[in-house]
Amino acid sequence: MEGIAIMTSGGDAAGMNPAIKAAADHAMHLGYEPFLVDDGLRGLIDDKIEKVSDHDVSDIIHRGGTILRSSRSKRFFEYEHRLAAYENLKKRGIEKLVVIGGDGSFRALNQFYADFQVPFAGIPATIDNDIPGTDYCLGVDTALNMIRQSVDSIRDTANSFRRAFVVETMGRHCGYLAMASAVTSGAEICMVPELEYDLDSIGERLRVKYQGHPNFLIAIVAEGCNMSDYLNRWIGDTLKMDSRLTILGHIQRGGSPTVRDRLMASKFAVGAVESLHRGETCNIMIYKSGHFGTLPIHKVADSQLEMDPALVAMCKKLCK
Ligand SMILES: Nc1ncnc2c1ncn2[C@@H]1O[C@H](COP(=O)(O)OP(=O)(O)O)[C@@H](O)[C@H]1O
Ligand SMILES: O=P(O)(O)OC[C@H]1O[C@](O)(COP(=O)(O)O)[C@@H](O)[C@@H]1O
Ligand SMILES: [Mg+2]
């Protein structure tokens, strides 16, 4: 029986576990022997690969993170370690890979394909939502709900003290989490790496809004801007409001996957196994303009990330 290995790699994201389960189930359904790789690329090198039993993937659908654990591996950049990974797959008859991860993980598996011609199918999973070619990556909805819940709680105390709160969301280079959160939590300010900001005009807008009687204020800032501290001090100095900074951090990566993440995970996972079954070699699962599909990795790697223009337009009003 031909083997298919399933792994998670890069930053963990809610939805990885439902994707593991659906990929293993569908691989079995099509007559493959599914394997699980522990510890991401590191485990591939260190031979942490086991056959899947039904027990391994039962009772995981509701769990956050990844039962397979994940890693970022410096060694995978070196040919000798990728060769060790290849030998580990070869000795078990594993000829195909499903990788659930982000852009970095897809680049890694593309390099692996160039070296040893092991076909892979990529399932986009990163709370950053920064993979070109797809509107959605697993983990984003769960992270957004986590942020919404946190900002709703912050709003209670902000209102009670008429304070300003700067809330920093994750997003290494991408402001999607911050933008979607700013709009859905009614923030007064939003700062993201993609949009220019103008503090003078923000100040003017808020002075007109408050007419000398500042209410509470919520500012959402993406970590990629490196502006949270500065904005917190600026609000105190310029708007004369008592301001506090909350960095949400890794809390955004955890939590039980939402229904949307579970459903998207199942559809991406079935698509990934089907893509490999059709004999395709380096495809990424995508969800674009309401439709599921696949894109070859080179198109994903060469494309620019496109943000939802309507969301961008709404956020432009919050950074001026
Ligand atoms: N060009 C590459 N060649 C080999 N390995 C790579 C390459 N790019 C990324 N990787 C591996 O992929 C891992 C995951 O990428 P990373 O950007 O950390 O996470 P994500 O997949 O979530 O974007 C990296 O830690 C590294 O081991
Ligand atoms: O968990 P770490 O290594 O501190 O990395 C934090 C980074 O990982 C993320 O949570 C997710 O990024 P990736 O999915 O690309 O790995 C970023 O938002 C954040 O900047
Ligand atoms: Mg990434």
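Residues numbered from 1 in each chain as written. Chains lettered and ligands numbered in written order. Predicted model: local features only at pLDDT ≥ 70, side-chain atom pairs only at ≥ 80, totals over all residues.

Undergrad: Where do I start with the overall build of the chain in this structure?
TA: Along the chain, the regular secondary structure elements total eleven helices and eleven strands. Scaling as 2.2 N^0.38, a compact globule of 320 residues should have a C-alpha radius of gyration of about 20 Å, and the chain matches this with 22 Å. Along the first, second and third principal axes, the C-alpha set of the chain runs to 75 × 40 × 35 Å. When each of the 320 residues of the chain is scored for burial, the buried share is 49%. Look at the contacts in the chain between residues 6 or more apart in sequence, and 77% of them connect residues 24 or more apart. (Helix = DSSP H or I, 4+ residues; strand = E, 2+ residues; numbered from the N terminus. Rg over C-alpha atoms; globule rule 2.2 N^0.38 Å. Buried ≥ 20, exposed ≤ 12 C-beta atoms within 10 Å, placed from the backbone. Contact = placed C-beta atoms within 7 Å.)

Undergrad: Even after reading the chapter, I still don't get the packing of helix H5 (residues 140-161) against helix H6 (residues 176-184), so can you show me in this structure?
TA: In helix packing, the relevant descriptors are the interaxial angle and the interaxial distance, both defined with respect to the helix axes. It is the contact of H5 with H6, at a shortest axis distance of 10 Å, that shows an interaxial angle of 45°. As far as their axial angle goes, H6 and H5 are oblique. Of the two possible hands of crossing, H5 and H6 adopt the one that is right-handed. For the pair H5 and H6, contact is made by Ala 143, Leu 144, Ile 147, Arg 148 and Val 151 and by Leu 177, Ala 180, Ser 181 and Thr 184, respectively. Grouping the amino acids of the contact of H5 with H6 by side-chain chemistry returns six nonpolar, two polar and one charged. (Axes fitted to C-alpha atoms, helices over the stretch in contact; angles between N-to-C directions. Parallel < 35°, antiparallel > 145°, perpendicular 65-115°, else oblique. Left-handed = near helix turned anticlockwise from the far one by under 90°. Nonpolar A, V, L, I, M, F, W, Y, C, P; charged D, E, K, R; others polar.)

Undergrad: Just checking my understanding: could you explain the site of ligand 2 for this structure?
TA: Every residue lining ligand 2 is accounted for by Gly 10, Gly 11, Gly 102, Thr 126, Ile 127, Asp 128, Met 170, Gly 171, Arg 172, Glu 223 and Arg 253. When its residues are assigned to classes, the shell around ligand 2 shows two nonpolar, five polar and four charged. Among the domains, domain 1 (3-139 + 257-304) and domain 2 (141-253) are the pair contributing at least three residues each to the shell around ligand 2. (Near = placed C-beta within 6 Å. Domains from an automatic or database assignment.)

Undergrad: Explanation requested: unusual backbone geometry in the structure shown.
TA: Most peptide bonds take the trans form, and the phi angle of most residues other than glycine is negative. We note that Arg 162 has phi near 50°; this positive angle belongs to a residue other than glycine. Secondary-structure assignment places Arg 162 in the loop between H5 and strand E6 (164-169). Even without being glycine, Asn 226 reaches a positive phi, approximately 60°. If you trace the backbone, Asn 226 turns up in the loop between strand E8 (217-222) and helix H8 (228-238).

Undergrad: Help me out: how do you make sense of the sheet that holds E6 in this one?
TA: Hydrogen bonds along the backbone pair up the strands of a sheet, which may run parallel or antiparallel. Taken in spatial order, the four strands of this open sheet run E7-E8-E6-E9, and their pairing is parallel. With one partner strand each, in any of the chains shown, strand E7 (189-191) and strand E9 (243-247) form the two edges of the open sheet. Within the sheet, the average angular offset between the axes of one strand and its neighbour, ignoring direction, is 15°. Both E6 and E8 contribute to a ladder of six bridges, which runs parallel. Bridge pairing in E8 places Glu 168 opposite Val 221. Packing of H5 onto the sheet brings it into contact with E6, E8 and E9, and relative to E6 it is tilted by some 165°. (Pairing = 2+ DSSP bridges.)

Undergrad: Before we go on, may I ask you to explain the site of ligand 1 in this structure?
TA: Gly 10, Arg 72, Gly 102, Gly 104 and Ser 105 are the nearest of the 17 residues found near ligand 1. No other element matches helix H4 (residues 103-116), which puts six residues into the shell around ligand 1.

Undergrad: Would you take a moment to explain the nonpolar core for this structure?
TA: Nonpolar side chains in soluble globular proteins tend to end up buried together. Of all hydrophobic cores here, the largest spans 99 residues; its most connected members are Ala 19, Ala 23, Val 98, Cys 190 and Ala 219. Counting the residues that make up this core, at least three belong to each of domain 1 (3-139 + 257-304) and domain 2 (141-253). The contact partners of Ala 19, leaving out residues within four places of it in the chain, are Ile 100, Ile 123, Ala 125, Leu 138, Ala 265, Phe 268 and Ala 269. (Core = buried A, V, L, I, M, F, W, Y, C linked by C-beta atoms within 7 Å.)

Undergrad: Sorry if this is basic, but what is going on with the sheet that holds strand E11 (residues 291-296) here?
TA: What the seven strands build is an open sheet, ordered E3-E2-E1-E4-E5-E10-E11; its pairing is mixed. Every other strand in the sheet has two partners, leaving strand E3 (49-51) and E11 as the edge strands with one partner each. This sheet shows a mean twist of 25° between the axes of neighbouring strands, independent of strand direction. Two elements, strand E1 (residues 3-8) and strand E2 (residues 33-37), share four bridges in a ladder whose sense is parallel. Bridging from a neighbouring strand, Ala 5 pairs with Phe 35 of E2. Contacting E1, E2, strand E4 (94-101) and strand E5 (120-124), helix H1 (residues 16-29) runs over the sheet at an angle of about 175° to E1. Strands in contact with H4 are E4, E5 and strand E10 (282-288); relative to E4, the strand with the most contacts, it is inclined by about 160°.

Undergrad: Is there a simple way to explain the domain arrangement of the chain in this structure?
TA: Size of an interface, as often reported, equals the accessible area lost when the parts are brought together. Once the domains are mapped, the chain shows domain 1 (3-139 + 257-304) and domain 2 (141-253). Each of domain 1 and domain 2 was reduced to a C-alpha centroid, and the two centroids are 34 Å apart. When the residues that make up the side of domain 1 that touches domain 2 are grouped by side-chain class, the tally is four nonpolar, five polar and five charged.

Undergrad: I tried to follow the environment of Ala 24 on my own but got confused; where do I start?
TA: Looking at the element boundaries, Ala 24 is found in helix H1. Dropping the residues within four chain positions of it, Ala 24 is found in contact with Ile 6, Pro 34, Val 52 and Val 57.

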